[in-house]
Amino acid sequence: MESVILQIAARHMRPLLVILSLVVLYRGHNEPGGGFIGGLMLGAAYILYAMAFGVEKTQKSIRISPVALTGIGLLLALVSGLPALMEGHLFMTGEWTTFFSGSSFELKLGTPLLFDLGVYFTVAGMLTLVMFSIMEE
Amino acid sequence: MLFLFAILIGVLYGAAVYLLLRRNIFKLVLGLIFLGHATNLLLFVAGGLTRGFPSFLRDIPGEVEKMADPLPQALILTAIVISLGVTAFALVLVYRFYSVTKTVDLDELSENE
Amino acid sequence: MIPVLPIILPLLFMVVLIFTRRWLAFQQYFSLLATVVLTLVSVILLLDVQQNGIATLQMGSWPAPYGISLVVDMLSAIMLVTVSFIAIVIMIYSPGFIDKGRQSAGYYPISFGLLMGVNGAFITGDIFNLYVWYEVMLTSSFVLIALGGSAEQLRGSIKYVTINFVASIFFVAGIGILYGLTGTLNMADLAFKIRAAGHIPHMNGALMLFFIAFSVKAGLFPFFFWLPASYHTPPIPITALFAGTLTKVGIYTMFRFYSLFIVENALFWKSFILIIAGLTMTIGVLMAASQFDIRKILSFHIISQVGYMVMGLGLFTVGGISGAIYFMVHNMLSKTNTFLAGGLVYQRSGSYDLKKLGGLYKASPLLALLFFVPAMSLAGIPPLPGFFGKFFLIKGGFEAGDYLITAVAILVGLFTLFSMVKIWNEAYWKKEPEEIKKGKLSRRAIAATGLLAIAVVLLGLFAGPVSELTVEAARQVVLPELYINAVLGL
């Protein structure tokens, strides 16, 4: 099923959705949002693309397979527990650092964000894995 | 409000059981989805239906007391994620089953036993 | 730090296996190595618990009732060691039995997902977290049981997925109601609050929801039908892994919940559980007697033997629980072993159907021995561990004065012997049928089955030292104050 409208929409929507999913991911610690919803949006972006252009072309344009994406996500979630050990705290304790503190660009980064990033990739990976395997047939 | 929720949950459970007992396996998956929704609502009600602020801390004194209990929401979110995963898997499974056997009937499922 | 390792190590191994999924040979050896590491860690944990008492860890430094606690007591430690040992055997056994397609479709990483879920369920001290680990375990088992996707397998998987999802729904509903009643989800804190409150209305409702959920997972009396309908469909190592681990997680959770949460109406729960145990034992063993497929006979025996473990729980004395824990360890090893031996029979003669088998004793005495040891252990012949397991349980039953259930247990033991002798007669002693296929046996599979058979024999020979461990575990189950104090730091 080739639809020009869907193809044009998907081409323009994909970068927008990816950026939006990153915004949702970042604000997730103290505001509504987070890794799961962000991951769903990222997955949705690629599923939309796959609906318009087919699974094969989408796989090529992502370059990384959904399984590997899930693996990266799990790895990040695992790694996020480790900095706490180096600081001598218990496993999974949240550790934070602040960049540009005081200025208006203040950026707080910490291990919970890393964990969320892991969730983000895992969810996106699993979602695309399932959807692609249904759509391929 | 509690009464309405009780009715809603009951209706959802009823619909879920009805769908689970159908012979069509796609309806079986729908039944699983309804079952998940009904239970998420049950968690929501069990945590207490209090009106309050969303539980994001700001520097307003006395806000903690007015906050809604965040834990049931966290539980529901987790339960939703899990039922999403299981539903996705069940869909793939049922689809595979359909493409292998070319039938959606549960009765033919138990044919060779 | 150590209590978290049995959870994060499988996750780490899983990630490694995901990235190396194209190199099958590497996957085979790496997963074997990984399970050995896991077993070592579990043994260290067991020794630690034996010396220093219950080990706890508050994840992310959040103090006890608020964060997720990880708790390893003697019971969890024993289960961890047994499960990871079974995993070693399965990993040695698998390469000859799981075809290349299934192996590269993710058999190894998903097995570690399953192990992570099982270990998590043994370790966690938080009810909702327990649910999450259950789901990790179940989702992995869903994928494993459907892996490969033959029509028969898909048929079994749909039943398996549906019934397990419904059971999970009972579990979550119970959690929701329990939270509404008590306002906490930390198991130790819950137990503390239940004891402090004395009477909590509707508590039995929530507990009954949990009971239904876990009896579905464990395969107890009214809810066992899904188990023999699905367990025989995947390749035999997967069935063996499920048989050795999954139902036992349900039993473990029942032990934990019974010990911590049942304060009121203890008499009702005791007789209720004993009745369920008796029915489970009897019906499982009777249904097994009418089957002719090796895998189905063994599947029905899982049910019957789950009944023994629940019987020990129902007695709720140190003797009964200790017997049940010993029986559980024995059953995990022997049951997995019989399944693996059944797999060898299949490899040799191309069938699981007793009517088409025969003459295997003459054809291969080694194969016969590998089946004989665990089968006689399940039937309860001394000096194999099945005898001691039943002996401890029956002794516990007499001491507790519950003669009826004890009599049932003894009778069921006789029927178990009947089923095992039936497999033995039909597959090994009967004259070899003409048209039988003569397959080649995989050396690795024989080695794995042999290793497990040796472990079974050792468990029987060292019943004394092992029962010291199980008595300590039983003491911690019977006295929940130890658990509560260890977690809450009272």
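The structure under discussion appears in the preceding block.
Residues numbered from 1 in each chain as written. Chains lettered and ligands numbered in written order. Predicted model: local features only at pLDDT ≥ 70, side-chain atom pairs only at ≥ 80, totals over all residues.

Moving on: the overall build of chain A. In terms of helices and strands, chain A carries 6 helices and 2 strands. Each helix and strand of chain A, ordered N terminal to C terminal, gives the series α-α-α-α-α-β-β-α. Within the span of chain A, comprising 137 residues, buried residues form 36% of the whole. For chain A, long-range pairs separated by at least 24 residues make up 67% of all intrachain contacts whose partners lie at least 6 apart in sequence. (Helix = DSSP H or I, 4+ residues; strand = E, 2+ residues; numbered from the N terminus. Buried ≥ 20, exposed ≤ 12 C-beta atoms within 10 Å, placed from the backbone. Contact = placed C-beta atoms within 7 Å.)

Residues and elements named next belong to chain C. For helix H7 (residues 187–197), the set of buried residues is Met-187, Ala-188, Asp-189, Leu-190, Ala-191, Phe-192 and Ile-194. The secondary structure elements touched by the buried residues of H7 are strand S2 (69–72), helix H5 (127–146), helix H6 (151–182), helix H10 (236–261) and helix H20 (480–488). Directly after H7, the chain includes Gly-198, whose backbone phi takes a positive value near 80°.

Moving on, we get to the interface of chain C and chain B. Facing 23 residues of chain C, the contacting portion of chain B comprises 27 residues. Those elements that place two or more of their residues in the side of chain C that touches chain B are H5 and H6 of chain C. Its residues assigned to classes, the side of chain C that touches chain B shows 15 nonpolar, 6 polar and 2 charged. (Nonpolar A, V, L, I, M, F, W, Y, C, P; charged D, E, K, R; others polar.)

In this section: unusual backbone geometry. Residues and elements named next belong to chain C. Here the amide bond leading from Pro-382 into Pro-383 is cis, since omega sits at 5°, within 30 degrees of zero. Summarising the element assignment, Pro-383 is placed in the loop between helix H15 (365–379) and helix H16 (385–400). For His-202, which is not glycine, the phi torsion reads 65° and is therefore positive. You can see His-202 is positioned in the loop between H7 and helix H8 (203–218). Judged by C-beta crowding, with 11 C-beta atoms within 10 Å, His-202 ranks as exposed. The phi torsion at Asn-265 lies on the positive side, around 50°, for a residue other than glycine. One can find Asn-265 in the loop between H10 and helix H11 (266–289).

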